[in-house]
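Spelled out, the chains give:
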Amino acid sequence: MNKALTPWQEAVRPSPFHGAAASHSLTNEWLRWGEYTIADLYSTVEQEYDALRTHAGLIDLSPLHKVRISGKEACSYLNRLLTYKADDLPIRQACFSPFCDDAGHVIGLARLLRVHVDEYHLYTDENHDAWLWDTAQGYDDVQIDTFTHDVGVLGLFGNRSQDVLMALGIEEVEDLEISHHDEFIFQRVRIRILKTVSMGELGYYLNVDPKNSLLVWETLIREGEAYGLAPVGRRVQDICRIEAGELRAGADFIGAHQARYGNRPRTPFELGLAAWVELEKGYFVGSRALSHGDQHPSRTAVVGLHIEGTEPLTGGRILSKGQLVGIVTSCAWSPRMGHVVALATVASKYVEPGQELQIEYSTLTELEPEVWSREARIVEKPFYTNGL
Amino acid sequence: MINLLSRKSKTPVSVTPQSNGVCDAVIVGGGHNGLVCAAMLAKAGLKVTVLEAQERLGGAAASDEIKQGVRVSTCAHLVYALDEKIVKGLRLHKHGLQFAKARLSTVAPDGEGAVAHLHADIWKTQAGLRVLSESDAAAFPKFREKMQTYALALKALLTNSPSVAQQSDLGALEQFLSKIQILNEDGRRELLRLLVSSSGDILDETFENELLKGALAFDSILGLNSGPRSMNSMAHYLYRLSGEASCDRDGMAIVTGGMSSLADALSDAARAHGVKMRTGAKVMRIIIQKGAACGVELEDGERVMAPLVISNADPKTTYLKLVGVEYLDTGFSAQLRALRCEGVTAKMNLILNGLPTFRGLTQEDLSSRIVICPSIDFAERAFNPVKYGSFSHDPVFEIIFPNLHDTSLTSGSEQILSANVQYVPYKVEGGWPARREELVEQLVMALGYFAPDIKDRIVSGHVLTPLEIEKEYGCTGGHWHHGDFALDQIGILRPAPGMGAYGAPVAGLHMCGAGASGGGITGRPGLLAAEHALADLRTSRKSGVRAI
């Protein structure tokens, strides 16, 4: 796996759930996530959205980058790596945290699970191994092992997700609290279940050994049918996470290591992630830069937009009195809200809810450029969460 | 709550100081720069404590009796352009500092009878050069003057490192660019060209005589892990010249009584200003609380607390060992690990039963600094082996006979040959213990070409490889600059690019050693550190908060 790849030699691998997922795909619409191919859409947006928002959605999250961090200094290492407090995370609990470079710019967003006293699992959307290793230099007892390909991850989200798991006989999940995780036995198969909130829904991450992946998938689909469970692809996940105001790396911000232009990286404050920055906890990578807020004020902010019309305008230019003040980074028609919702990056003085703005968007229509203009206004995020 | 677990000691660090002594500033390491910094701070009214791991103060400014009745400078042997602010400001002459010889001139024999003389006086030099080449003699004064102008313009950039300047590297660059406005447009263009040139190329285009070019090239490479054909050698030449150009009074000087006398004068001056000095006090850890340095912990667990910690240790030791990566940004610690600090200069002291005869040199010439570097190619060939883990068989030498100026050094008729030898690598294939004998033999043989009777005159000797310099003087890599003086590691990029972008990597921690702004026995890094620490204190007192 660690074989050096030339730019045109990419690794491609099927998700452990690929065979099962493929049998449900009516559209054959797939897309790439890391080294994996995952379903963009299985059936229709309406059906999948309805399943996730009112029943339960089954999502293949296997491409999540998974790293095991262990050793006596793992705790101190993570406390230095992450902006959020990691050193008092209890065993069998999880937290969310950005991690930054020296300049306090966000490299990526992570979910951290504490598995044992000296063992943690870190999930990120992208591979940040080089940074994790660099940060481990100088520690005597920190081991970093990537196990992305050794574990398949299923997301089970929506109102009925708990019922589905209970129907499978995993009744202990009833007592599992949010941000807690534990190992459960299901049909003599050991799976780790994390209860969490994502896309505005309560739900679970199920870690499954790849050799049991088909068994788990098929059982979930079979038993879940009674609860309206359906597999949900990336497209609908994206609509739901925009509704919930969740950022996606590469869409709503560029990771500090991907950015080539000096003004592209963002601090956690600029991304609205201040709640996950613990300046008081003591030193962490980027803390010196971030605690100098007066020298490095936030230049931009991420806001929610309510846009007129029906078309999603991702990439649209945001104008105020004719001046460019921002860009629409993620946009979708929201079935729940009945209008177009968007996440946008705007200059920091345009963050007040109620602020009226214009969106300008150009398309090529029958080989002629056509410029669209839509009215928009800033609204509070999240747009929608399912009663959470 | 702050993180109370220290990685190194595995014992909880209490937030309330349990120090034995509280002072305003604690200096880690009593090298000559540490002493300069301590004395300057104490002079300004601060309570300062110096903690030195060794039993003596002075670091590389050290002398010892290597044979009964013979006292030699065991590491550095010349004071190079000691800053006037230090000499006068600390009244070092009153505290016993004497120069047995100042404004030392240079002679460079080629081993075949020709000699280049470089005097502190340009016109005297010019007159002497006529023997070698009329056109070179004509070109010399202009070259020298031009280089001094550039060296002065460059000084701001080379000595004002962010680690002491507490400002962003880009800010320092802007400041530098505004300072070089004193040069006209062509002058600025020329300076930028010189910075990225090799001294070999610049000397080749200016002079024709190989011996003269070799002698001048020597100063561009002494202490540098590069050859005269390497791209940054001209920048290093200008750096060395910047010291001399800005305080031309003493130039290169031999200290009466050996280099430890400088250490004695400095520690005397420091003591007179109330500095508390402790030897045999090895600092194991710099204590960090709430992201700021607030004291140090010694080997026996004793703590010395101070709001200002100033380290005379090299950057790698200071940050990676004493502070520890858990208080450092990932990018910064990666840059520090990448800092190249392997020295290539060995120190050799030979005790001779009489003065040797160097081909082409008169007895009088032996009281000058003797540079063995007959051509640029000679130096470049000497550099080649260290790239591949070996040492030069024909190295370049800087030799002085200190006892010719200071009779107190020997009791009998012995003569002391003190030499810096290049290129001797830090790591050698096969390891140093195994190849040390071979090195010593080779050095004596190489010297024998220029001074045929030297082998017969040797009574005893003392050689320090960079590895031994590291052990003896505690500088990582045994590099007397605490980090190679390459273009990517000088001035604002020293010791790491962007280091000063957010104030300092660790609040309350300053660096006063060669790793901050260049090596050599100049005292400048110590002086600069003291100035900046005081400025820092004034700012924080004014604003009521500590500058981080």
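Residues numbered from 1 in each chain as written. Chains lettered and ligands numbered in written order. Predicted model: local features only at pLDDT ≥ 70, side-chain atom pairs only at ≥ 80, totals over all residues. Heavy atoms only, no water.

1. Examining the overall build of chain B
So, step 1. When you go through chain B residue by residue, the secondary structure sums to 19 helices and 21 strands.
So, step 2. Counting across all 548 residues of chain B, residues that qualify as buried make up 63%.
So, step 3. Sequence separation of at least 24 residues holds for 75% of the intrachain contacts in chain B that already meet a minimum separation of 6.
So, step 4. Accessible surface for chain B amounts to roughly 20,100 Å². Of this, 52% is attributable to carbon and sulfur atoms. (Helix = DSSP H or I, 4+ residues; strand = E, 2+ residues; numbered from the N terminus. Buried < 20%, exposed > 50% of the residue type's maximum accessible area, 1.4 Å probe, protein only. Contact = heavy atoms within 4.5 Å. Areas by Shrake-Rupley, 256 points an atom, 1.4 Å probe, with all protein chains shown as cover.)

2. So, the overall build of chain A
So, step 1. Counting its secondary structure elements, chain A contains eight helices and 20 strands.
So, step 2. With respect to the principal axes defined by its C-alpha atoms, chain A has extents near 65 × 50 × 45 Å.
So, step 3. In chain A, which comprises 388 residues, the proportion classed as buried is 53%.
So, step 4. Counted over contacts in chain A with a minimum sequence separation of 6, partners at least 24 positions apart contribute 66%.
So, step 5. Roughly 17,100 Å² of accessible area belongs to chain A as shown, and the carbon and sulfur atoms make up 49% of that amount.
So, step 6. Across chain A, 36 positive and 54 negative side-chain charges occur, with their mean positions spaced 3 Å apart. (Lys, Arg positive; Asp, Glu negative; His and termini not counted. Charge placed at Lys NZ, Arg CZ, Asp CG, Glu CD.)

3. Here's the deal with the domain arrangement of chain A
So, step 1. Domain annotation of chain A identifies domain 1 (13-62 + 151-232), domain 2 (65-149) and domain 3 (299-379).
So, step 2. Summarising the inter-unit geometry, the C-alpha centres of domain 2 of chain A and domain 3 of chain A are found 35 Å apart. (Domains from an automatic or database assignment.)

4. Focus: the domain arrangement of chain B
Residues and elements named next belong to chain B.
So, step 1. Per the domain assignment, the segments making up chain B are domain 1 (21-61 + 259-340 + 497-543), domain 2 (79-102 + 252-257 + 343-473) and domain 3 (126-246).
So, step 2. Contacts between the two partners involve 21 residues from domain 2, matched on the other side by 25 residues from domain 3.
So, step 3. When the two sides are added together, the surface that domain 2 and domain 3 hide from each other amounts to roughly 1,700 Å², 60% of it contributed by carbon and sulfur.
So, step 4. Contact with domain 3 buries area across many residues of domain 2, yet Tyr80, Ile376 and Glu380 alone supply 33% of it, more than any other trio.
So, step 5. At the boundary of domain 2 with domain 3, the tally comes to two salt bridges.
So, step 6. Between aspartate 377 and arginine 229 there is a salt bridge, and its shortest N-O distance comes to 3.2 Å. (Buried area = accessible area lost by both parts, 1.4 Å probe. Salt bridge = Lys/Arg side-chain N within 4 Å of Asp/Glu carboxyl O.)

5. Thoughts on the side chain of Ser199(B)
Residues and elements named next belong to chain B.
So, step 1. When you line up the elements, serine 199 lands in helix H8 (residues 199-206).
So, step 2. Look at serine 199 and you get buried, because its relative accessible area is 1%.
So, step 3. A polar atom in the side chain of serine 199 sits 2.8 Å from the side chain of serine 220.
So, step 4. With near-sequence residues (within four places) excluded, serine 199 lies in contact with Ala217, Ser220, Pro228, Ser230, Ser233 and Met234. (Polar contact = N/O pair within 3.5 Å; in protein donor to acceptor, adjacent residues only side chain to side chain.)

6. Brief notes about the packing of H8(B) against helix H9 (residues 210-221) of chain B
Residues and elements named next belong to chain B.
So, step 1. Packing of H8 against H9 leaves a shortest axis separation of 10 Å and a crossing angle of 150°. Considering their axes alone, H8 and H9 lie roughly antiparallel with respect to each other. As for how H8 packs across H9, the hand of that crossing is right-handed. From H8, Ser199, Leu203 and Asp204 reach across to H9, where they touch Lys213, Leu216, Ala217 and Ser220. (Axes fitted to C-alpha atoms, helices over the stretch in contact; angles between N-to-C directions. Parallel < 35°, antiparallel > 145°, perpendicular 65-115°, else oblique. Left-handed = near helix turned anticlockwise from the far one by under 90°.)

7. Digging into the pairing of strand S16 (residues 345-352) of chain B
Side-chain direction in a regular strand flips from residue to residue, so the side chains alternate between the two faces of the sheet.
Residues and elements named next belong to chain B.
So, step 1. Counting buried positions along S16 gives eight out of eight residues, so the element sits mostly inside the fold.
So, step 2. Residues Thr345, Lys347, Asn349 and Ile351 of S16 are buried on one face, and the alternating residues Ala346, Met348, Leu350 and Leu352, pointing to the opposite face, are buried as well.
So, step 3. Of the strand pairs in this sheet, S16 and strand S19 (residues 415-422) are connected by eight bridges, and their pairing is antiparallel. Counterpart to asparagine 349 in the pairing with S19 is serine 418.
So, step 4. Two elements, S16 and strand S20 (residues 458-464), share six bridges in a ladder whose sense is antiparallel. Note on S20: the bridge partner recorded for lysine 347 is leucine 464. (Pairing = 2+ DSSP bridges.)

8. Re helix H15 (residues 432-450) of chain B
So, step 1. Relative to the 27 Å expected for 19 residues at 1.5 Å per residue, H15(B) spans 26 Å between its end C-alpha atoms, a close match to the ideal helical length.
So, step 2. Of the positions making up H15(B), those classed as buried are Trp432(B), Arg435(B), Leu439(B), Gln442(B), Leu443(B), Val444(B), Ala446(B), Leu447(B), Gly448(B) and Phe450(B). (Expected span 1.5 Å × (residues − 1).)

9. Some details on the nonpolar core
So, step 1. Formed by 77 residues in total, the largest nonpolar core has its most connected members in Met348(B), Phe358(B), Phe397(B), Ile399(B) and Leu417(B).
So, step 2. Ranked by the residues each element gives to this core, the list is headed by helix H4 (residues 134-159) of chain B, at eight residues.
So, step 3. Composition of this core by domain shows at least three residues from each of domain 2 (79-102 + 252-257 + 343-473) and domain 3 (126-246) of chain B.
So, step 4. Excluding residues that lie within four positions of it along the chain, Phe397(B) makes contacts with Phe218(B), Met348(B), Ile370(B), Val371(B), Ile372(B), Ala419(B), Asn420(B), Val421(B), Leu443(B), Ala446(B) and Leu447(B).
So, step 5. Ranked by size, the runner-up nonpolar core spans 54 residues in total, among them Ile107(A), Leu112(A), Val285(A) and Ala293(B). (Core = buried A, V, L, I, M, F, W, Y, C linked by side-chain atoms within 4.5 Å.)

10. Side note on unusual backbone geometry
All names here are of chain A.
So, step 1. A cis amide bond links lysine 381 with the next residue in sequence, proline 382, at an omega value of -10°.
So, step 2. Relative to the helices and strands, proline 382 resides in the segment after strand S20 (368-379).
So, step 3. Positive phi, normally seen in glycine, also occurs at arginine 92, with a value near 70°.
So, step 4. Considering the arrangement of structural elements, one finds arginine 92 in the loop between helix H3 (74-81) and strand S6 (94-100).

11. What to know about the state of the cysteines
So, step 1. Summed over the entire model, instances satisfying the criterion amount to zero disulfides over all chains.
So, step 2. The thiol of Cys100(A) is not disulfide-bonded; the next cysteine sulfur, from Cys95(A), is found 14 Å away.
So, step 3. Cysteine Cys294(B) shares no disulfide, and the gap to the nearest cysteine sulfur, in Cys23(B), comes to 12 Å.
So, step 4. Overall, the relative accessible area of 14% leaves Cys294(B) in the buried class. (Disulfide = S-S within 2.5 Å.)

12. Observations regarding the environment of Arg264(A)
So, step 1. Assignment of secondary structure puts Arg264(A) in the loop between helix H7 (234-243) and helix H8 (287-290).
So, step 2. Sequence separation between Arg264(A) and Tyr42(A) is 222 residues; the distance between their C-alpha atoms is 34 Å.

13. Considerations on the packing of H3(A) against helix H4 (residues 129-136) of chain A
All names here are of chain A.
So, step 1. Orientation of H3 relative to H4, taken along the N-to-C sense of each, is 120°, at an axis distance of 10 Å. As judged from the angle between their axes, H3 and H4 are oblique. Of the two elements, H3 crosses H4, and the hand of that crossing is right-handed. Touching Tyr77, Arg80 and Leu81 of H3 are Trp131, Leu132, Thr135 and Ala136, all from H4.
So, step 2. For the contact of H3 with H4, the class distribution of residues is five nonpolar, one polar and one charged. (Nonpolar A, V, L, I, M, F, W, Y, C, P; charged D, E, K, R; others polar.)

14. Concerning the sheet that holds strand S7 (residues 106-116) of chain A
Residues and elements named next belong to chain A.
So, step 1. Spatially, S6-S7-S8-S5-S9 is the arrangement adopted by the five strands of the open sheet, whose pairing is antiparallel. Across the chains shown, the open sheet's two edge strands, defined by having one partner strand only, are S6 and strand S9 (143-146). Direction aside, the axes of adjacent strands within the sheet are offset by 30° on average.
So, step 2. Pairing between strand S5 (residues 65-70) and strand S8 (residues 119-124): six bridges, direction antiparallel. When the sheet's bridge partners are listed, histidine 65 is paired in S8 with threonine 124.
So, step 3. Sheet contacts for H4: S5, S6, S7, S8 and S9; angle to S9, the most-contacted strand, approximately 170°.

15. Let's talk about the pairing of strand S17 (residues 323-334) of chain A
Residues and elements named next belong to chain A.
So, step 1. Relative to S17, strand S16 (residues 317-320) runs antiparallel, the two sharing four bridges. Note on S17: the bridge partner recorded for isoleucine 318 is glycine 326.
So, step 2. Where S16 folds back onto S17 in an antiparallel hairpin, the turn is made up of two residues, including lysine 321, whose phi is positive at roughly 50°.
So, step 3. The loop that links S17 with its antiparallel partner strand S18 (residues 339-347) comprises four residues; one of these, glycine 338, has a positive phi angle of about 75°.

16. Observations concerning a nonpolar patch on the surface
So, step 1. A grouping of Ile178(A), Val197(A) and Leu388(A) is seen on the molecular surface, where their side chains present a nonpolar patch of about 240 Å² in accessible area.
So, step 2. Following the sequence through the fold, Leu388(A) ends up in the segment after S20. (Patch = residues over 30% accessible without salt bridge, like charges linked within 9 Å, V, L, I, M, F, W, Y side chains within 5 Å.)

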